[in-house]
Every structure is written in structure tokens, then in C-alpha cells.
Amino acid sequence: MSTTTDTGPIELAISGMTCASCVARVERKLGKLPGVSATVNLATATAHVTREDPAVEVAELVSAVEAIGYGAEPAGIGAPETKEAESGDAEQAHVAGLRRRLIGSALLGLPVVAISMISALHFAGWEWVVFALATPVVAWGAWPFHRAAAVNLRHGSATMDTLVSLGVLAAYLWSAGALAVGGEHLYLEVAVVLTAFLLAGRFFEARAKRRAGEAIRALMHLGAKDVAVLRDGTEIRIPVEELAVGDLFVARPGEKIATDGEVIEGASAVDESLLTGESVPVEVEPGSAVTGATLNSHGRLVVRATRIGADTKLAQIAALVERAQTGKAEVQRLADRISAVFVPVVIALAVGTFGVWLLTGASAASALTAAIAVVIIACPCALGLATPTALMVGTGRGAQLGLLIRGPEVLESTRRIDTVVLDKTGTVTEGRMRMVDVVPADGEDQEEVLRLAGGLEHASEHPIAAAIANAAREQLGSLPDVTEFVSTQGRGVTGQVDGRTVRAGRAAWLDEQELGLPEELVRARKEAEGEGRTVVFVAWEGKARGALVVADTVKATSAEAVADLKRLGLTPVLLTGDNTAAARAVAAEVGIEQVIAEVHPEDKVAEVERLQHQGRVVAMVGDGVNDAAALAQADLGLAMGTGTDAAIAASDLTLVRGDLRAAADAIRLARRTLRTIKANLFWAFAYNVAALPLAALGLLNPMIAGGAMAFSSVFVVSNSLRLRRFQPLR
């Protein structure tokens, strides 16, 4: 057993929980330890524990849980694949056990119901036959309920299992007593039908919960299992767990890339759809970053490992999804508090019902029937499942689509936001310079201007120079060589290209060289700069020959994304440090009316606060280090997964692919998940509130009550599973 004194959060795997009142008991017990707070999730059977006092050890937490009758052990030991395999095996065994008990109880229970309820089937001694058939159902079929109730009783508490066990045993023992004294009123069919219905509910619930967790299990199994590592120029196949940072490994066509890394050799297209939901493969070449678990479609790649194990993007995504699934929305906390006192109240109500019926002159059999119905109908199973199952399915579906929801509190935020602030560079725009136009002077050949400018700028490392050289190479193929290259920092460059002295740079720099601009290039400059673009002029043989217009281009999907956000009722605001002209040009292109420009990175937080002080509930979308503080300040922070780790860490939602349209999809999914949680809770509460009076008045047969109670749990889980069908807008 671990005895670490680290104060970081701990995940405990909890066994033996069956309902929301179990959840409340475990949370309450852990919360009594000094400096400890815990969030327990019924669907995932885990507790997320935070400690302020390092003296509280893991062994102490485990002992506290075991002291109230539940099992506990530290989760997260071993590789993710191993953990998931063990968890999957345990779930499978649990489902199989429930199936065996359900089939056995149904086969034995059918003749009990038929003989008891059809007078024509009554024969001499039939009562003893149905008693013999019902006994294994009550003893073996309902054993999980009795065992849990006994454990709870030993620790002085009551849960849903207490109610089920009470109802089944009351019907069975009454019948046994009646048989012993020769009485006529038997309730053996009630005992067996209750057991069968509740086992069926547990079985379908467990199977549906397993389906709800499929997305996270699929994530865990995405990664490669082994890898071809280069050692002394030779390929050696090793398990992926043995890979180290800095190792060179090979990814052949059709193979999964083993871990996060940088391409050293080769070119290919990488299919990232499993991780990002984006179907278009991404072209990679030496220097490109690649992500583990993505698929190399063609071409042999040699990759240097930069992250392994828990540090990889896949592991971080899986951890983020798991953490989100252990949290609770505020509405679920209310349900847990209610269910903690619900069971004792129901037992008292059942006793009261039995007493009132006797006092009104009713028979003891009628009084017992009403009391059993009250006990069974009140079981609060659905309350405990309402939030966690919807969260499991919603966050799992999001992970499949490259939309990562950090936790349930995020869902509440998405409902309230009315303003979305969009960082410009890297979010609305590509975040890198591209050449958008070549304007030749009168009498000059456009292709020649681009060829000589591209050849000269190819020798420079400046981003604007790289944009010109790349555009020239794409359009013309090869570029001429440059010699005698000289760079004047921040102003321009000079070199010999094809035997000519070629200059490229700012207008002011050319003026210093006494190379004035002709009127047509002056007009081109004014027009481009009016749109916030950068202009580079090219000159040779004592004359300016052309203008090259460079800009940070808008992403092809940004206008659609802004339209999607508007349809969700949000007001988009463009926030940037660029000049106002450039910002307004981009805003006009994508359909944004409100622009906040020329903002220093450290002032972005102040702008978000200013909007909040105006009464707006603000979402922020960004990708850079300078966006991290603003993302944290916003009511809802959305980080582009193509951005920096700092931005992602500060966000509430992460969009794995760099497509702004995913922001609208993420908000839609979060809102739909919240609606599903609220629908689940409404059903669970409404069912209990409406059915309890009917049961107390004797208007609800215990068998119907058992079926309705089992159906409520199955309904809640099935309603949550509908989230698996969520589709992005496009």
C-alpha cells in the first residue's frame, strides 16, 4: 500500500456502491478527514480526492472507505491499457454474473407467478411448490441486494439495497409465516417478480454503463503497441513502453506513429482523424511535429521521440476526459444531498403507511402490500446515475470528435455565455504569413518580379521573406541562386540574382537608396496597407519593379465558424494586438462587427474583465501563451489544440484540431449534455414524487412498482446514450 505524503489529487477505485446514497456516504466519510475533500462518481465507481494535509496518507483514505463497508484501492497504477483491460474484465464479469442471476430468477419465477395468479392452476399443495421455487430466487437471485444491505446495516446506514432487500424479504417472510399457520394471503409472486425486475434493471444498467465508457476505452487503445527503433542504423522492434525521449523510430506507410515526435527524415500525409475528428490528412516533412496514435498514410518517416507515456497528447487527452467524467454538476450535488436522507425517510414512510392502513381497519395483508410498494417505488437509483452517465457519454463523444470538456461545471458556463471573444492570430487567421498578391510596375513581367524576389528572399530567415520564397517556389518550381547576400536588419535585403543586384524591402529603405516608387506601386501600397497587409518592394537596375503583398491570411473555415457562433445566440468580438486597419479587414471578411485592436498581450485580461463588468458572460477562444491569462479570466475558456500548452492548461474546453468551427460544436455538445443531465434528474425526481403517494394509498401493486423503479434507471442511462449520436455541424 502506498504511503506517499504528496498532497496532489488521488483517484480511488471504489467497489460496492449501488446508488446515490452510497455516493453521499463515501463523500461524507472522506470529507471528515482533515483537509480532505472528495467527489465520488457512481457511473465510473471512482473517487477524486484532494488533500491539503500531507499527513493524510492513501492508506488512511482507503481505511476510511472500508470502515463504512465499501472497498477502495488507489486507481491509476500501471499502464493505461493495462488498467482499462483490468477494468473491462471486472465489468464483464459483473455483467455476466447479473445475467446468470436474472435468467435463473426468471426461469424459477415464471411458474411461481403463473401458479399463484391463475386459480385454474391451483392443485393440492401448490403453495409449498411455489414456496420451494421462490426460495432460491429470494436467497440466491436477490443475494447482491441482501449482502449490500447487511454490510450497510453493520455500519449503521441504509441505502437503496436496504429498501430492495426489505421489500423482497418482507413479502417472502410474510408468505412463509402465512404458510406455517395455514393462512391464504401469499406474496411469493411479489418477491420473485421484484427480484427479477430489479436484476433486469441492474443488468441493463450495467450493460449500458459499459457502452457509455466505450469512448474512453477506445482512446486508451488507439496507441501503437510496438515500434521499430533505429539503433546504430539498424531497425529493432521493441514494445512502445520501452521507447525513450530522443530515440529515433520508423513509421512505415499504414503504421500508427508510436509517440509524439518530430519528423527527421521523409515526407508523408498523416491521418489525425482518430484524435482530432478531422478527416483531411495533414502533410508532414522534416521539422514537422507528429502526434502518437495518428496514422502514417504513405511514405517512410523517421521520427525523433519528444514525448512518451503520460506526457503524450493521447495520454493527456485520455486523462482530461477521465477527470471530466469524475466531476459533478451543481444539480447532481443537490440530488446527492437529497438521496443521503431519502432512504431513512422512505423507511419511516413505509412504516407509517403500514400503521395508518391498520388503524383505518384494513387487513394486515393490504397494509403490507402498500408498505412494500412504498419501499420499492422510492429506490433512488436513477438519481445517482443522472449526471455521471450523461457526462461519460458526452465527454467520450467529444473526445472522439476532438472536443475536450474539462468538467461538469463547464456545462453550466456554456448555457450562460452570450459573448465570445476571438483572438485573431492563429485562431481566426492562420498565424503565419502568406503572400497574397504580386503587383508589377508598368511594363514589368509579374513572373519575373516573383522569380527574382523569391530567389533573393530564399536566403533570408525572416517570416515575411519565407512567405515570399515559398509562394515563388509553389508557383514557379525552382528558384535562382543568390550570392553576395546582405541583410539590413528590419529594413531590407540585397543580393546578386542572375547577375543582377536585386533589393527587396520597405518603401522607406528604397527611398534611402534613391529608388523611388512609381505611381502604380504607391497606389498598391496604400490599398494593401489600408487592409492591414504588409508590402515588400523589389528593385533592380536602379528602379523599383514590383510590390509583393504579404498577410496573415484568414482560415478558410473562420467565416462559417463565426456564423455558427451567431446562430447559437453569441456576439463575436475580435481581439488582437494588430493595428486597427488589419483587425477591421479580418473582421469584415469573417462577419464580425465588434473589434478590439492594438491590445498588448498583458491587457487582454483587462479587456475580458471590461466586457464582464458590462454584464456580459464571456467565452474566450485563443491559442497562444499570451492568451492563457485571458482564457482563465473568461467565464468559459476555449483553447485551440494547435496552440501552446499554457493556453490549453488554462482553458475549460480544448479544440484538438485548429478549426474554429469546432468551438460551436463544443458549445453545442456541452449544452446538449447539460440538457440531458437535467432531463435525467427531472425524470428521476418526478417519478419518485409522483409515485410515492400512489404507493402509500395502495394504488400501486408492488410488482408494478418494482418494474417502474427498474425502468427509471434504464431510462436514465438510455437517455444519456443518445448523446453518442451527436454530430458536428459539418
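Remember, it's a predicted structure, so these values are computed and weren't measured experimentally.

**Concerning the overall build of the protein**
Next up, step 1: Counting its regular elements, the protein contains 26 helices and 26 strands.
Next up, step 2: Here the protein holds 730 residues, and 52% of them are scored as buried.
Next up, step 3: Intrachain contacts of the protein at a sequence separation of at least 6 include 69% that bridge at least 24 residues.
Next up, step 4: Just so you have it, the protein exposes about 30,900 Å², and 56% of that area is on carbon and sulfur atoms.

**Description of the UniProt feature "transmembrane region" (unreviewed entry) in the protein**
Next up, step 1: When the UniProt feature table is mapped onto this chain numbering, "transmembrane region" (unreviewed entry) sits at residues 102-122, 128-146, 158-180, 186-204, 338-359, 365-387, 679-697 and 703-721.
Next up, step 2: Summarising residues 102-122: 76% helix, 0% strand, and an end-to-end C-alpha distance of 26 Å.
Next up, step 3: In residues 128-146, the share of helix is 95% and the share of strand is 0%. The end C-alpha atoms are 23 Å apart.

**Some points on a positive patch on the surface**
Next up, step 1: On the surface, R672, R675, R722 and R725 cluster together into a positively charged patch.
Next up, step 2: In this structure, R722 sits in the segment after α26 (702-721).
Next up, step 3: The exposure class of R722 is partly exposed, given its relative accessible area of 48%.

**A short note on the sheet that holds strand β9 (residues 268-271)**
Next up, step 1: Taken in spatial order, the 3 strands make up an open sheet running β10-β9-β12, and their pairing is antiparallel. Since the sheet does not close on itself, it has two edges, and those belong to β10 (282-284) and β12 (295-296), each with one partner.
Next up, step 2: In the sheet, β9 pairs with β10 via 3 bridges, with the strands oriented antiparallel. Paired with A269 across the strands is E283, a residue of β10.

**Points about a nonpolar patch on the surface**
Next up, step 1: On the surface, a nonpolar cluster with roughly 270 Å² of combined accessible area is contributed by M117, I118 and L121.
Next up, step 2: By secondary structure assignment, the location of I118 is in the loop between α3 (80-117) and α4 (126-141).
Next up, step 3: Look at I118 and you get partly exposed, because its relative accessible area is 42%.

**What about the sheet that holds strand β11 (residues 289-290)?**
Two pairing modes exist for strands in a sheet, parallel and antiparallel, and in both the strands are linked by backbone hydrogen bonds.
Next up, step 1: The strand order across the open sheet formed by 6 strands is β6-β5-β7-β13-β8-β11, and the pairing between neighbours is antiparallel. Each having just a single partner strand, β6 (234-239) and β11 make up the two edges of the open sheet.
Next up, step 2: Bridging between strand β8 (residues 261-265) and β11 involves 2 bridges; their strand directions are antiparallel. In the strand pairing of β11, G261 is matched with V290.

Conventions used here
Residues numbered from 1 in each chain as written. Predicted model: local features only at pLDDT ≥ 70, side-chain atom pairs only at ≥ 80, totals over all residues. Heavy atoms only, no water. Helix = DSSP H or I, 4+ residues; strand = E, 2+ residues; numbered from the N terminus. Buried < 20%, exposed > 50% of the residue type's maximum accessible area, 1.4 Å probe, protein only. Contact = heavy atoms within 4.5 Å. Areas by Shrake-Rupley, 256 points an atom, 1.4 Å probe, with all protein chains shown as cover. UniProt positions renumbered as here; feature names shortened; annotations may be inferred. Patch = residues over 30% accessible without salt bridge, like charges linked within 9 Å, V, L, I, M, F, W, Y side chains within 5 Å. Salt bridge = Lys/Arg side-chain N within 4 Å of Asp/Glu carboxyl O. Lys, Arg positive; Asp, Glu negative; His and termini not counted. Charge placed at Lys NZ, Arg CZ, Asp CG, Glu CD. Pairing = 2+ DSSP bridges.

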